[in-house]
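# Working through the structure, step by step
The primary structure of each chain is shown beneath.
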Amino acid sequence: MDPCHFVRLMVDSLALSLPSATKPPPISGVHPSTTPCFCKIRITNFPSQTALLPLSPSSSSTPDAVTSAPGFHLDSAALRRPLSLRLAVYSGSTARACGVSAAKLLGRLTLTLDLAAARDRPTTFQSGWLSLRRIKTGSEPNRKPSARLHIVVRSEPDPRFVFQFGGEPECSPVVFQIQENNIRQPVFSCKFSADRNSRSRPLPSDFGNNPSRWRRTLKGVRERHGRERKGWMIMIHDLSGSPVAAASMITPFVPSPGSDRVSRSNPGAWLILRPNGASVSSWKPWGRLEAWRERGPVDGLGYKFELVAENGPVNGIPIAEATMNVKKGGQFCIDYKVMRDSGLSSRLPGKGFVMGSTVEGEGKVSKPVVQVGAQHVTCMADAALFIALSAAIDLSMDACQLFSHKLRKELCHEEQVSFP
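What counts and how
- Residues numbered from 1 in each chain as written.
- Predicted model: local features only at pLDDT ≥ 70, side-chain atom pairs only at ≥ 80, totals over all residues.
- Heavy atoms only, no water.
- Phe/Tyr/Trp six-rings, centres within 6.5 Å; stacked < 30°, edge-to-face > 60°.
- Helix = DSSP H or I, 4+ residues; strand = E, 2+ residues; numbered from the N terminus.
- Buried < 20%, exposed > 50% of the residue type's maximum accessible area, 1.4 Å probe, protein only.
- Lys NZ or Arg CZ within 6 Å of the ring centre and 35° of its normal.
- Pairing = 2+ DSSP bridges.
- Axes fitted to C-alpha atoms, helices over the stretch in contact; angles between N-to-C directions.

In the structure shown here, the tally under the stated rule is five aromatic pairs. On the basis of an interplanar angle of 15° and a centroid distance of 5.2 Å, the ring pair of Phe-38 and Tyr-90 is categorised as stacked. Of this pair, Phe-38 sits in strand S2 (residues 37-42) while Tyr-90 sits in strand S5 (residues 83-91), and the two are 52 residues apart along the sequence. Side by side, Phe-38 and Tyr-90 carry an identical accessibility label, which is buried. Judged by centre distance (5.6 Å) and plane angle (85°), the rings of Trp-286 and Phe-386 are edge-to-face. Here Trp-286, found in strand S17 (residues 283-296), pairs with Phe-386, found in helix H3 (residues 380-399); they are 100 residues apart in sequence, far enough to count as distant. A relative accessible area of 4% places Trp-286 in the buried class. It is Lys-40 that lies over the ring of Tyr-90; its NZ or CZ is 5.9 Å from the centre. Positioned above the aromatic ring of Phe-403 is the side chain of Arg-229, whose terminal nitrogen or guanidinium carbon lies 4.0 Å from the ring centre.

In structure tokens, the structure reads:
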């Protein structure tokens, strides 16, 4: 398997040096080194990022206090052309009132980055102090000194394996690896089951003597199953047909009392499993995914996910979480440091992207896309675990749908009971 080229772009060592005339007045309770100055960092087609800027008394030496931005993850398409990194520096609070910001723009800075060589080796594009391009008003003299920004811009290769489901997980699709130039190669197959816990139900011996009683009983069984979603399982197989990972629903998805939705007080849960030795019938837990439905402060109704460690020194502690919009879907990501500290993998190096899964929202055909950091994959089974996790995330969005909503037939239990 050949990974795709990705690059992690980092904006580090941020600090600001202000001319004395433009230094903002001190704010009660705020240390001078953390005077409310901040910058917004933008790259085209990426969400903007905000970083606070500690003040430095002088721009003639390395600042004592610095901060960093979260950074950007660039795919191979973004590496084919020069990239503009734009920074706008403000004084004042980052808060907004009635949609209006009270912050004052101090200046701007634009860096053009040639990323041609960045995909193969670490690269430093800028390290040191730069003068901001001032935003002048008509009454300001041209010789007025400008603020200076200390900034380090660097990149590191971050190759990833990219996978995509060939169909919706409940339809037992093939999983393809996506290589450079959009080459698709099948690497895994999936087998979904919605009735892992069900058994064929023979008719009771006294059915003929009291058929109406048993019709009422069996009707109640169907109604109960309509109020719980349980027993789902998806197996991941390699091309030889051997199982290499699985996701098994261990806690049913049921509505909270008096409502029609799965709530945080009683989430549904999956175990993400890997084979335990050579036996195909022996599995050991790798992580537990919990999911429920909740109302978010911005996007309205959404799905909430938490990945919980099931193997390591912090067993039972959430190590990754995400909220996805009901209609738009979203992305679930795992941070390398948290995952390493949790004990989910003892071989993880102390850097790099681990995993990201993108799924669609309700009413859309979802073929999840999974990215896995190449340095965290030592064999196909490692990648298969993340495929199983991604499938569980996508299936949880179905399991968390309102119980007044009818699921597609692939997700429904088939009660094997017939009436004369």
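This part covers the sheet that holds strand S4 (residues 72-74). Taken in spatial order, the four strands make up an open sheet running S4-S1-S10-S9, and their pairing is antiparallel. For this open sheet the edge positions go to S4 and strand S9 (123-131), each flanked by a neighbour on one side alone. Across the sheet, the mean angle separating the axes of adjacent strands is 15° when strand polarity is ignored. Pairing of strand S1 (residues 7-17) with S4 involves three bridges; the strand directions are antiparallel. Bridge assignment links Val-7 to a residue of S4, and that residue is Leu-74.

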